[in-house]
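Coordinates in review
The lines below spell out each chain.
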Amino acid sequence: MTAPARRIAEIKAAILSGDAESAQKSLDLLEKSLESGVREDHRRVLEPALTELRALAEASLRGARQAAEDLRDIIVSAQSLQTYDDAGRRRSATTLAPMPQRF
């Protein structure tokens, strides 16, 4: 296994474990090692690994964005459940939910 391939494996492991700092360090080292160019035989090995790594990073980003959006929704929902405001006055809010019908 070549040094760049080992770096890619390290980056992948760091992303999967959620260690962004380690992934960034390994990515910086990979970038530095590839500045002088890539041999053709190494390129055939590295291109699929980099494609997989890019897909993994994009999926990680989508997951983080979705988690942030979910947290915003939870915060908004939790705020609407508060009965009293900061001054101790009782809040009343109307909901647009339809009333249940009983037969």
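Thresholds, definitions, all that
Here the residue numbers are simple positions, counted from 1 along each chain's written sequence. Only residues with pLDDT of at least 70 get local features here, since the model is predicted, and only at 80 or more are side-chain atom pairs given and counted; chain-wide, interface and lining totals rely on the full set of residues. Derived side-chain values reflect all non-hydrogen atoms in the structure, with water molecules and hydrogen atoms excluded from consideration. Think of a nonpolar core as a cluster: buried Ala, Val, Leu, Ile, Met, Phe, Trp, Tyr and Cys residues, connected wherever their side-chain atoms sit within 4.5 Å. Exposure is judged per residue with a 1.4 Å probe applied to protein chains only, and the accessible area is read against the type maximum: over 50% gives exposed, under 20% gives buried, and values in between give partly exposed. To qualify as a helix, a DSSP run of H or I must reach at least 4 residues; to qualify as a strand, a run of E must reach at least 2; elements of each kind are numbered from the N terminus. Throughout, a contact is declared for two residues whenever any of their heavy atoms are within 4.5 Å. To estimate how far a helix should reach, multiply one less than its number of residues by 1.5 Å. Here the term cavity refers to a set of points on a 1 Å grid, laid over the protein atoms alone, in which a 1.4 Å probe fits but cannot get out; the term pocket refers to an open set having protein on both sides within 12 Å along at least five of seven lines, with lining residues being those that place an atom within 4 Å of a point. Grid points are joined across faces, edges and corners, and a volume is the space filled by probe spheres set on the points. Nonpolar residues are Ala, Val, Leu, Ile, Met, Phe, Trp, Tyr, Cys and Pro. Charged residues are Asp, Glu, Lys and Arg, and all others, Gly as well, are polar. Polar contact is defined as a pair of N or O atoms within 3.5 Å, subject to the rule that within protein one atom must be able to donate a hydrogen and the other to accept it, and that residues adjacent in sequence are counted only when both atoms are side-chain atoms. For every element, the axis is a line fit to its C-alpha atoms; helices are fit only across the contacting stretch, and the angle between N-to-C directions ranges from 0 to 180 degrees. Small angles under 35 degrees read as roughly parallel and large ones over 145 as roughly antiparallel, with 65 to 115 read as roughly perpendicular and the rest as oblique. What makes a crossing left-handed is the near helix being turned counterclockwise from the far one by less than a right angle; a clockwise turn instead makes it right-handed.

It is worth spelling out the nonpolar core at this point. Among the nonpolar cores identified, the biggest contains nine residues, and these are Ala5, Ile8, Ile11, Ala14, Ile15, Ala23, Leu30, Leu46 and Leu53. Looking at this core, the elements that each hand over two or more residues are helix 1 (3-17), helix 2 (20-33) and helix 3 (40-80). Element by element, the count of residues in this core is highest for helix 1, at five residues. Not counting residues up to four positions away in its chain, the partners in contact with leucine 53 are Ile8, Ile11, Lys12 and Ile15.

For helix 1, with 15 residues, the first-to-last C-alpha span of 21 Å sits near the 21 Å given by 1.5 Å per residue. Within the sequence span of helix 1, burial applies to Pro4, Ala5, Ile8, Ile11, Ala14 and Ile15. Of the residues trailing helix 1, glycine 18 is marked for its positive phi of about 80 degrees.

Let us look at the layout of surface pockets. In this structure, the largest pocket occupies an estimated 310 Å³ of space. Around the largest pocket, the lining is made up of 14 residues, and of these Ile11, Ile15, Ala23, Leu27 and Ala57 lie nearest the centre. Of all elements in the fold, only helix 1, helix 2 and helix 3 reach the threshold of two or more residues within the lining of the largest pocket. For the lining of the largest pocket, the leading source of residues is helix 3, giving six residues. Residues belonging to the lining of the largest pocket are distributed by class as follows: nine nonpolar, three polar and two charged.

Within the secondary structure, serine 26 is located in helix 2. At 3.4 Å, the side chain of serine 26 forms a polar contact with the side chain of glutamate 10. Serine 26 has contacts with Arg7, Glu10 and Ile11, leaving out every residue within four places of it along the chain.

The next thing to look at is the packing of helix 1 against helix 2. Relative orientation of the contacting elements helix 1 and helix 2 amounts to 160 degrees, with a least axis distance of 8 Å. Considering the angle they form, helix 1 stands roughly antiparallel to helix 2. Every pair of crossing elements has a handedness; the one defined by helix 1 and helix 2 is left-handed. Together, Pro4, Arg7, Ile8, Glu10, Ile11, Ala14 and Ile15 of helix 1 and Ser22, Ala23, Ser26, Leu27, Leu29, Leu30 and Ser33 of helix 2 make up the contact between the two elements.

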